[in-house]
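# Structure at a glance
The lines below spell out each chain.
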Amino acid sequence: MSNLKMKEAALIYLDRSGSLQKFIDDCKSYNDSKQNYAVYRFNILINPSDIVELDAELGNHILHQPLKAAQVFQSVCFIAVKTLSLIGQLQTENQINIVLKLTHLPPLPSYSLDLCHFPLDYTSQRFYMMQGIVIAMTTVTKYTQGARFLCSDEACPLSKGFQYIRVHVPGATESATVRNDFLCNLCSSSLQEDRKFRVLGDKQIVEIITTKALHAFQGYSNSQPFRFQSLTIFLRDESVNKMNIGNEYKIIGIPTCVKTSQTAVCIEANSITSCNPKVPSGISDNLRCLLSLTSGSCWKFTAILANIFASQIVPPGTYSLLKLCLLMSLVQTSDRNKELEDCLDILIITSDTLLVERLLNFSINLVPRGVRHPVSTEIFPTLSRNKYGTGAVSIQAGSALLAKGGICFIGDLASHKKDKLEQLQSAVESRSTTVYISGKKFGDDMDQQMTFPVQCSFWSFVDMDSSSRRNTQKTNTLIGQMDCSLIPANLVEAFGLLINCNESSPCHPLLPTVQHTLKKAIDPEGPLYVASKQFKTEDFEKLLSFAKNLNVEFSLEAERMIHGYYLASRRIRTDCICGPKLSASALKYLVSLSEAHARLNLRNKVLKEDVLIAALLFETSLTLKYGATVFCVAPNALFPFELCNEEYLEQRDIYLTQCQQQLQQFIATYGPGTAIFASDE
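Report on the accompanying structure.

Cut-off values and rules
- Residues numbered from 1 in each chain as written.
- Predicted model: local features only at pLDDT ≥ 70, side-chain atom pairs only at ≥ 80, totals over all residues.
- Heavy atoms only, no water.
- Helix = DSSP H or I, 4+ residues; strand = E, 2+ residues; numbered from the N terminus.
- Buried < 20%, exposed > 50% of the residue type's maximum accessible area, 1.4 Å probe, protein only.
- Areas by Shrake-Rupley, 256 points an atom, 1.4 Å probe, with all protein chains shown as cover.
- Phe/Tyr/Trp six-rings, centres within 6.5 Å; stacked < 30°, edge-to-face > 60°.
- Lys NZ or Arg CZ within 6 Å of the ring centre and 35° of its normal.
- Core = buried A, V, L, I, M, F, W, Y, C linked by side-chain atoms within 4.5 Å.
- Contact = heavy atoms within 4.5 Å.
- Pairing = 2+ DSSP bridges.
- Expected span 1.5 Å × (residues − 1).
- Salt bridge = Lys/Arg side-chain N within 4 Å of Asp/Glu carboxyl O.
- Axes fitted to C-alpha atoms, helices over the stretch in contact; angles between N-to-C directions.
- Parallel < 35°, antiparallel > 145°, perpendicular 65-115°, else oblique.
- Nonpolar A, V, L, I, M, F, W, Y, C, P; charged D, E, K, R; others polar.
- Disulfide = S-S within 2.5 Å.

Right, let's talk about the overall build of the protein chain for a bit. In terms of regular secondary structure, the protein chain is built from 21 helices and 23 strands. The buried share of the protein chain, taken over its 681 residues, is 52%. Within the structure as shown, the protein chain displays about 31,900 Å² of accessible surface, and the carbon and sulfur contribution to it stands at 52%.

Quick look at the packing of aromatic side chains now. With the rule as written, the count across this model stands at 16 aromatic pairs. Aromatic pair Phe409 and Phe461: ring centres 6.2 Å apart, planes at 45°, arrangement tilted. In this pair, Phe409 sits in strand E15 (residues 407-412) while Phe461 sits in strand E18 (residues 457-463), placing the two residues 52 residues apart along the sequence. Residue Phe461 is classed as buried on the basis of its relative accessible area of 3%. Plain terms: the ring middles of Tyr565 and Phe631 are 6.2 Å apart, the flat faces sit at 65° to each other, and that makes the pair edge-to-face. Of this pair, Tyr565 sits in helix H18 (residues 556-572) while Phe631 sits in the loop between helix H20 (608-626) and helix H21 (646-670), and the two are 66 residues apart along the sequence. Each member of the pair Tyr565 and Phe631 is classed as buried. In textbook terms, an aromatic cluster arises when at least three aromatic residues are bridged by ring pairs, as seen for Phe23, Tyr30, Tyr37, Tyr40 and Phe42. The aromatic ring of Phe197 is capped on one face by Arg148, whose charged end is 4.8 Å from the ring centroid. The lysine or arginine in question, Arg236, covers the ring of Tyr143, its NZ or CZ lying 4.5 Å from the ring centre.

A few words now on the nonpolar core. One finds Met130, Ile208, Ile233, Phe458 and Tyr565 to be the most contacted residues of the largest nonpolar core, which totals 149 residues. Among the elements that line this core, the one with the most residues is H20, at 11 residues. In contact with Ile233, other than residues within four places in its own chain, are Met130, Gln204, Ile205, Val206, Ile208, Ile251, Ile267 and Ala269.

Another aspect to go through is unusual backbone geometry. Phi angles above zero are rare outside glycine, and Ala310 is one such case at about 55°. We note that Leu602 has phi near 60°; this positive angle belongs to a residue other than glycine. For Leu602, the position within the fold is in the loop between helix H19 (585-600) and strand E23 (605-606).

So, on to the pairing of strand E4 (residues 141-151). Among the 11 residues that make up E4, 10 are buried, leaving the element largely enclosed by the rest of the structure. Two elements, E4 and strand E5 (residues 164-167), share 4 bridges in a ladder whose sense is antiparallel. For Phe149, the partnering residue across the bridge sits in E5 and is Tyr164. Looking at chain direction, E4 and strand E6 (residues 191-193) are connected through 3 bridges and run antiparallel. Residue Phe149 lies in a different strand from E6, and its bridge partner there is Glu193.

Here the focus is H18. Between its first and last C-alpha, H18 extends 25 Å over 17 residues, near the 24 Å set by a 1.5 Å rise per residue. Listing the buried residues of H18 in full gives Ala558, Met561, Ile562, Gly564, Tyr565, Tyr566, Ala568 and Ser569.

The next point concerns the environment of Leu543. Of note, Leu543 is situated in helix H17 (residues 537-547). Take Leu543: its relative accessible area is 0%, and that puts it in the buried class. For the pair Leu543 and Leu602, spaced 59 residues apart in sequence, the C-alpha to C-alpha distance is 8.8 Å. Sequence-distant contacts of Leu543, defined by excluding residues within four places in its chain, comprise Ile283, Leu287, Leu305 and Leu602.

Our focus in this paragraph is the pattern of salt bridges. For the coordinates displayed, the defined rule picks out 21 salt bridges. Among the ionic pairs, Glu238 bridges to Lys101, the shortest N-O distance being 3.0 Å. Taken as a pair, Glu238 in the loop between strand E8 (231-236) and strand E9 (248-259) and Lys101 in strand E2 (residues 96-102) lie far apart in primary sequence, 137 residues in all. Glu238 sits in the partly exposed class, given a relative accessible area of 30%. Here the salt bridges do not stand alone but share partners, grouping Arg41, Lys101, Asp237 and Glu238 into one network.

Of all 7 residues in strand E1 (residues 40-46), 5 are buried, a share of seventy percent or more. Note that E1 and E2 share 7 bridges and pair parallel. Bridge pairing in E2 links Tyr40 to Ile96.

Moving on: the sheet that holds strand E19 (residues 497-501). Spatially, E12-E15-E18-E11-E19 is the arrangement adopted by the 5 strands of the open sheet, whose pairing is parallel. Strand pairing shows two members of the sheet lacking a second neighbour, strand E12 (370-372) and E19, which therefore form its edges. Geometrically, the sheet is characterised by an average inter-axis angle of 20° between neighbouring strands, direction not taken into account. Here strand E11 (residues 346-350) runs beside E19; their pairing, made up of 5 bridges, is parallel. Paired with Ile346 across the strands is Leu497, a residue of E19.

Once that is clear, we can look at helix H9 (residues 320-330). The α-helix winds at 3.6 residues per turn, so residues separated by three or four positions along the chain end up facing the same way. Extensive coverage of H9 is indicated by the burial of 11 of its 11 residues. Residues of H9 that are buried: Ser320, Leu321, Leu322, Lys323, Leu324, Cys325, Leu326, Leu327, Met328, Ser329 and Leu330.

On to the packing of helix H4 (residues 56-64) against helix H5 (residues 66-84). Orientation of H4 relative to H5, taken along the N-to-C sense of each, is 125°, at an axis distance of 6 Å. Judged by the inter-axis angle, H4 sits oblique to H5. Residues Leu58, His61, Ile62 and His64 of H4 form the contact with H5, whose participating residues are Pro66, Lys68, Ala69, Val72 and Phe73. Looking at side-chain class alone, the contact of H4 with H5 contains 6 nonpolar, 2 polar and 1 charged residues.

Bringing the state of the cysteines into the picture now. Counted according to the given criterion, the structure contains 0 disulfides. Looking at the unpaired Cys343, the closest cysteine sulfur is the one in Cys456, lying at 6.6 Å. Residue Cys343 is classed as buried on the basis of its relative accessible area of 7%. Of the cysteine sulfurs around Cys501, a residue in no disulfide, the closest is that of Cys325, at 8.4 Å.

Encoded structure:
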């Protein structure tokens, strides 16, 4: 009676939810094909909340005994097929394969599978929800959805018909569905597969890690050691190719134990949804107060942020240009599974690699997808053989794809070999990377290639004082140009921003840094400055999280200024032999820099003041690459004075206003519409 009641509830649910009509439509497709199938597969969308409200026992079966619940729906669907004559070719109930697709699970701890907690439950054969980031995936292969077996004894009644049907169930291997040692229940003769009725489906294997595991890629350290382990997800049929490397997903599935060379816990995926974190509602009170106090200027707020940022690593007032660029790059990241088009790559030339590296390591921890590339691993995807013996090729993410929407800090460029630098240059220029799968090597009929978008910003540095650099230094550089002979010229050009962090310059006095280091050695945990007490790391995390989700648009005068500067700069940097030194991507970098400064100011509109900051940063970078030109920008143009008090902030505003007038004059002289600007340009 209980079983009959659940069947009635299942039929009512199918009718009310519209699934019955979809089932009838699917049956019509099968019937119209006029082809005999061993297995007829149907997906039924299940809302657990609606089912539990309708019939608690059926809801309990779906959540905790999904295989038995599928049998209930299988029986109901078979009766419907026979009653309504939906599929003329169908003979037995065993031929119907019902797959229940859940919309969600109850938001309770017992339904959540935390990848950091061991041991994992793989014996209950029920649904769990887990969340993780894809770090590897295989190519798509085939598996057996269902097969028909016949008794080998022709005299046996079961040597005909569709009595012996084997269907894949979660956790089953290929040999559990198809093998040659099955026996007839009636006469004990061996069963033989009728191969022409074998039904194949698509299969893909994906590896995920919990978001917490990203700490291992961020140079994260505390007193407590931790470990992480990837979890294998099996995707089948309509779930295949629904996941992308680097994206984060919520997965509903059934944990199972798969025995290969070693026992491993895997998940048979049932449904997949993309994860998008909540956007914070605002910034901290201290930063809100600072924003209010500096509201009369478009430049003061970001100047103060750069001045006090990372006071745990370097003293306030030092490395301000670099810190401003880091904040602007961080604010152009994204937590969402969408294309990141506004990357800001930074290459730093420095004589103090230790401090710069500490500063960059600190900064990448402020965003969820800040990845510190380990030297022992690969930046871009690599190939390996799949450990589950499916014949598929496993594609490992690499640091760049793992940092999707964030920052990939690749350390010292000199630590990478020539072929890796060429690969990096190609990825930075095209924002994509391609892996080539050799059919001969991996047992396939033909070669394949797969292209993945590279949606992260790259940070790196070069040591000015390395011995190899001192031995090969050029002497015939142009005014303002840095000697970058150790780095391939095309790679230097590919990076949007080139920054010179020379500590011996007036912008970076040695004494405050020495005092900072000594104080930190005496009291590692204590705040060294007033700014450290007022503006904590959490304040900057909240600021960046809020600012990067702002939608910004250009004002008309900002748009005119940015195009005018780009065209004028391209004009004066055009060589009659080599052509223009500014590529089309230069305009994209200028746009991204302008948007970043507006976001960092918590504005929705890009103003001409934001374009000025972008132009000064970009022109400083161009000067380091190619030397100075008519629009001559001082190396310390963005921070000409030490920001000790409000008076110096006012002086900086006056100086930047003068720079803006010079920029407008430069555009008026060399930009479009002027006599010097050729018509074809």
